[in-house]
Number of protein chains: 2
Amino acid sequence: MSAEKTAISPTRAQDFPEWYQQVIKAADLAENSETRGCMVIKPWGYGIWELIQQQLDRRFKATGHQNAYFPLLIPLAYLEKEAEHAEGFATECAVVTHHRLEAVKDPVTGKTKMIPSGELAEPYVIRPTSETIIGAAFARWVESYRDLPLLINQWANVMRWEMRPRLFLRTAEFLWQEGHTAHETKEEAIDETRLMHGQYEEFLRDHLAIPVIPGEKTENERFPGADMTLTVEAMVQDKKAIQAGTSHYLGQNFSKAQNISFTGRDGTVQHAHTTSWGVSTRMIGTIIMAHSDDDGLVLPPRVATQQIVILPITPKEDTRQAVLDACQALASTLRNQSYQGDALRVHVDTRDLNGGVKKWEWIKKGVPIRIEIGPRDIETRKVCVQRRDQAVSEKQFSEKDEFIQRASDILGEIHNNLLARATAFRDENITVCDDLETFHAHWEKENPGWLYTPWAGTPEQEEVLSKQHKITIRCLPIDGVKLPATGGKCILTGGETTVRALWGRSY
Amino acid sequence: MSAEKTAISPTRAQDFPEWYQQVIKAADLAENSETRGCMVIKPWGYGIWELIQQQLDRRFKATGHQNAYFPLLIPLAYLEKEAEHAEGFATECAVVTHHRLEAVKDPVTGKTKMIPSGELAEPYVIRPTSETIIGAAFARWVESYRDLPLLINQWANVMRWEMRPRLFLRTAEFLWQEGHTAHETKEEAIDETRLMHGQYEEFLRDHLAIPVIPGEKTENERFPGADMTLTVEAMVQDKKAIQAGTSHYLGQNFSKAQNISFTGRDGTVQHAHTTSWGVSTRMIGTIIMAHSDDDGLVLPPRVATQQIVILPITPKEDTRQAVLDACQALASTLRNQSYQGDALRVHVDTRDLNGGVKKWEWIKKGVPIRIEIGPRDIETRKVCVQRRDQAVSEKQFSEKDEFIQRASDILGEIHNNLLARATAFRDENITVCDDLETFHAHWEKENPGWLYTPWAGTPEQEEVLSKQHKITIRCLPIDGVKLPATGGKCILTGGETTVRALWGRSY
Ligand SMILES: [Zn+2]
Ligand SMILES: [Zn+2]
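Residues numbered from 1 in each chain as written. Chains lettered and ligands numbered in written order. Predicted model: local features only at pLDDT ≥ 70, side-chain atom pairs only at ≥ 80, totals over all residues. Heavy atoms only, no water.

Chemist: Describe in detail the interface of chain B and chain A, supporting the description with residues and values.
Modeler: Often, the extent of an interface is quoted as the loss of accessible area on bringing the components together. At the interface, 64 residues of chain B touch 64 residues of chain A. Of the roughly 5,300 Å² buried between chain B and chain A on both sides combined, carbon and sulfur atoms contribute 61%. On the surface where chain B and chain A come into contact, there are four salt bridges. Among the ionic pairs, E50(A) bridges to K61(B), the shortest N-O distance being 2.9 Å. On the surface where chain B and chain A come into contact, there are 35 residue pairs in polar contact (both at pLDDT 80 or more). Among the elements that make up the side of chain B that touches chain A, the one with the highest residue count is strand 6 (residues 112-126) of chain B (ten residues). As paired elements, strand 5 (residues 95-105) of chain A and strand 5 (residues 95-105) of chain B share three bridges and run antiparallel to each other. Paired with V95(A) across the bridge in strand 5 of chain B is H98(B). (Contact = heavy atoms within 4.5 Å. Buried area = accessible area lost by both parts, 1.4 Å probe. Salt bridge = Lys/Arg side-chain N within 4 Å of Asp/Glu carboxyl O. Polar contact = N/O pair within 3.5 Å; in protein donor to acceptor, adjacent residues only side chain to side chain. Helix = DSSP H or I, 4+ residues; strand = E, 2+ residues; numbered from the N terminus. Pairing = 2+ DSSP bridges.)

Chemist: Account for the domain arrangement of chain A, naming residues and giving values.
Modeler: Residue and element names in this part refer to chain A. Segmenting chain A into domains produces domain 1 (16-94 + 130-291), domain 2 (308-410) and domain 3 (430-504). Between domain 1 and domain 2, a total of about 600 Å² is buried, with carbon and sulfur atoms accounting for 49% of that surface. The three residues of domain 1 that bury the most area against domain 2 are A26, W44 and L51, which together make up 60% of that side's buried surface. Counting across the interface, domain 1 meets domain 2 through one salt bridge. R58 is paired through a salt bridge with D342; the nearest N and O atoms lie 2.8 Å apart. Between the two partners, domain 1 and domain 2, sit three residue pairs in polar contact (both at pLDDT 80 or more). Of all the secondary structure elements, the ones that give two or more residues to the side of domain 1 that touches domain 2 are helix 1 (16-27) and helix 2 (43-62). Broken down by element, the side of domain 1 that touches domain 2 gets its largest block of residues, four residues, from helix 2. (Domains from an automatic or database assignment.)

Chemist: Requested: an account of the coordination of the zinc ion (ligand 1), with residues and values cited.
Modeler: All names here are of chain A. Surrounding the zinc ion (ligand 1) are the protein donor atoms N259 (OD1) and H271 (NE2), at 2.1 Å. Placement of the pair is N259 in the loop between helix 7 (253-258) and strand 12 (261-263) and H271 in strand 13 (residues 269-271), with a sequence separation of twelve residues. Classification of H271 as partly exposed rests on a relative accessible area of 23%. (Donors = N, O, S within 2.8 Å, 3.2 Å for Na, K, Ca; no water. Buried < 20%, exposed > 50% of the residue type's maximum accessible area, 1.4 Å probe, protein only.)

Chemist: Lay out the pattern of salt bridges with the relevant residues and their values.
Modeler: Here the structure, examined in full by the defined rule, presents 47 salt bridges over all chains. The closest approach of N and O atoms between R406(A) and E413(A), which form a salt bridge, is 2.4 Å. Among the salt bridges present, the one from D349(B) reaches K358(B), with a minimum N-O distance of 3.9 Å. Here K358(B) falls in the buried class, since its relative accessible area comes to 5%. Here the residues in one salt-bridge network are D28(A), E31(A), K42(A) and R140(B), joined through shared partners.

Chemist: Mind laying out a negative patch on the surface, listing which residues take part and the relevant values?
Modeler: All names here are of chain A. Side chains of E84, E87, E219, D227 and E460 sit close together on the surface and give a patch of like negative charge. Here E460 shows up in helix 14 (residues 459-469). With relative accessibility at 54%, the residue E460 sits in the exposed group. (Patch = residues over 30% accessible without salt bridge, like charges linked within 9 Å, V, L, I, M, F, W, Y side chains within 5 Å. Areas by Shrake-Rupley, 256 points an atom, 1.4 Å probe, with all protein chains shown as cover. Lys, Arg positive; Asp, Glu negative; His and termini not counted. Charge placed at Lys NZ, Arg CZ, Asp CG, Glu CD.)

Chemist: So, unusual backbone geometry: which residues are in play, and what are the values?
Modeler: Cis rather than trans, the peptide bond between S9(A) and P10(A) has omega equal to 5 degrees. Positionally, P10(A) belongs in the segment before helix 1. Put simply, L148(A) and P149(A) share a cis peptide bond, and its omega is -5 degrees. Of note, D28(A) is a non-glycine position whose phi angle comes to about 60 degrees, a positive value. With a relative accessible area of 33%, D28(A) lands in the partly exposed category. Despite not being glycine, N447(B) shows a phi value in the positive range, around 40 degrees. Position of N447(B) among the secondary structure elements: in the loop between helix 13 (436-442) and strand 23 (450-454). Owing to a relative accessible area of 40%, N447(B) belongs among the partly exposed residues under this scheme.

See the structure below:
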């Protein structure tokens, strides 16, 4: 494969959505199934999810949360209690109506068909999210203010009947975690909402090398039933936005609908203030779109299924075993090293395949570091080091012992490099916009990037602009986000405002 | 609470099934939900499942398996391909027939009801198990013998519409792992089936302190679609059996139905030999019934959500802080120790509650070691140690430093103690039976235990005996299981036989 020809075709520039599909295929991450809109997550992709789970789970536990598990099926009556919430999910619910199958012989074909039977008096929906069923449990569990806060998380599958599915980013079934908490006061619940929002921001930055913009959703974009939705917004390489995680303050909406009430410190019966927050396998789609290149997947080291792959170079039969032994010995030594608190994940590719084929396979799979060891390297005690964040042709020869010492640092450098690259790209593609004409013109461009504007419009005005340009306000960035200064007058109404809105197209 | 009065009422002897429910309630492990037959697994119960998952997952990976994830919903057409398998699950399938809800105002009550809408042309069932959908993926993945073996595991929820649900032991939805593998030859597939069967036996013994009898199921009791089903059978304290895990050799049944075919070494197209194997949250029910006593849950140390709970005794305000500090310091030191490769799980109960209330709560929750530290203990550098495998009234005062050194050993002693106790109980309650009259009489007893007999009957004869006494052949124990010698003639037919059958009542 020459330097000009890329491993993935088409390239990002040629056709970004198709490039995305091809990266997934080349890395063997996932595939479509015959179940409409549902994917099979293959081992290389599921490995990323396992690492995301482990690392997020530690953060949840360190902040006082406990895992639990609630039923997959939600009684319709639960949904009916919170009208706004139910409406938000009604058009995409998978409904279970029968609890049996009957074998019926088709009189025409003679084949046996399975027919639904045993109709349920009360149908169930497969959870699109679990506020209602977890709320029902909370209502049973809470009696007094002493029972609060309740800090629960669930790792689960959920289902939303998506009409235009896309692997990882939008699938009918997806895997996620959903935190659900109940608190005595509004202030505590809002603190929790912000705490988990901050955890997501840190996680994306420090584990996935994705520099998100944290902010609040406008009323139009809020979670159905929430009083406040906080979001972390990632920019990917076609300059679209991906909502990578959300944290909701639900006020007393669900607690009133479901009667999560308690006897307060003053003896009066009060309703709890609840929150919910989640991230999903969509994060894998975000990683792919944020970091990968025209040669395939580029994995941030902390969630790389394998961080280092060692490729034995065995040109001659008589040195073959010595090379294999040296590779296995290096792998064992490296596995005793750690990066960010976890043992290094190292794989030796001993398959009897052409070296170039193997090398390109690991490039396309996004492994951060590739090591080659041949017969001569054993004598010189050197290794050939190649990094996924550098050009395919780049290589460094390193003393083996020095590499062992530096392996963890190199992973850290790769992480920092990916993060710096993504941050620079994001900042280049967020433009301050103070006047309406420029605003309208901006969205005519190809891959237009985001605009940052002063904003004082109504929800209706926001909707008109959104529909006109197929954009949304991604968020109103929170204080502390470093974005350039803008003027003080709303881009639409001209009214004085301190609110700033970030507009963009999104997945 | 006096020594005579037990924390759980009724006792095991009084009403075993009700005792079981009360142990779960007192330990706060799980509860029923409004979703028919589905449970909520509460944090203390889910913690056990997390530990089971972690520890089993390491074994799966160490034996070469990789995790992946497959769709929750299975097209009916998949089930129709393997008739025997489909029949086995048809009566307990949850069927999804619609993908939308519509809000309809009830003309009588004025209330808004949600009505299923958007009927699917092809309904789906929620997976009762995933042989068919994983087989469909395997058919796509396998082309050549070089693609084999495929060694895949999935952690997932499954659903079987149970008519008589019981927390953990039989619930409509449950959590499990299902291994699915495909091999080039029958021999390799059978080796895999036996390997995982052995893993389950070891896991139950070495992690859960449950001495199972490993064996093969008779044709009558096989998994629908399997050629061979291996099982591990646990005896619980009412002398009933629980099938704690199964490993199936599926022959070419699924690979022919689903066309998992490959080009072999000789160039011919062949069908793969497949296996599947699984254990579920049912194991938590088995733990409860195997080890718990009339004071509540008794947890085997390796899967105890907390292994050591430290209870500060703070009678006076002026020494209170010193006691709390000593408790936290001890906890930190202990968390740096490990038992069976995992850091000790230690909790300090700082709640402002009566000491007796707290102590009994941890007894009922089954924590292996309870430590009390009071003001005087700080001066003497002693701790009061109480063990869940000993009487509630027993306590040992130990030098703090010595306890720190020995904590891991004590957990090991508790494990061994539980295992020895369960093994003795099991062996006392397996009776050799060589004649039919004794056999028939045995099942008239209350809590009759298991019988071990020479067996050469037909499946039909087995079914007659089974129905007559509400028993089943739990397994034909594999070679190497130490059971007493029996005569050589089939208990029913009188024919010479080397086959031995283990009969019992089961959950
Ligand atoms: Zn109320
Ligand atoms: Zn075929």
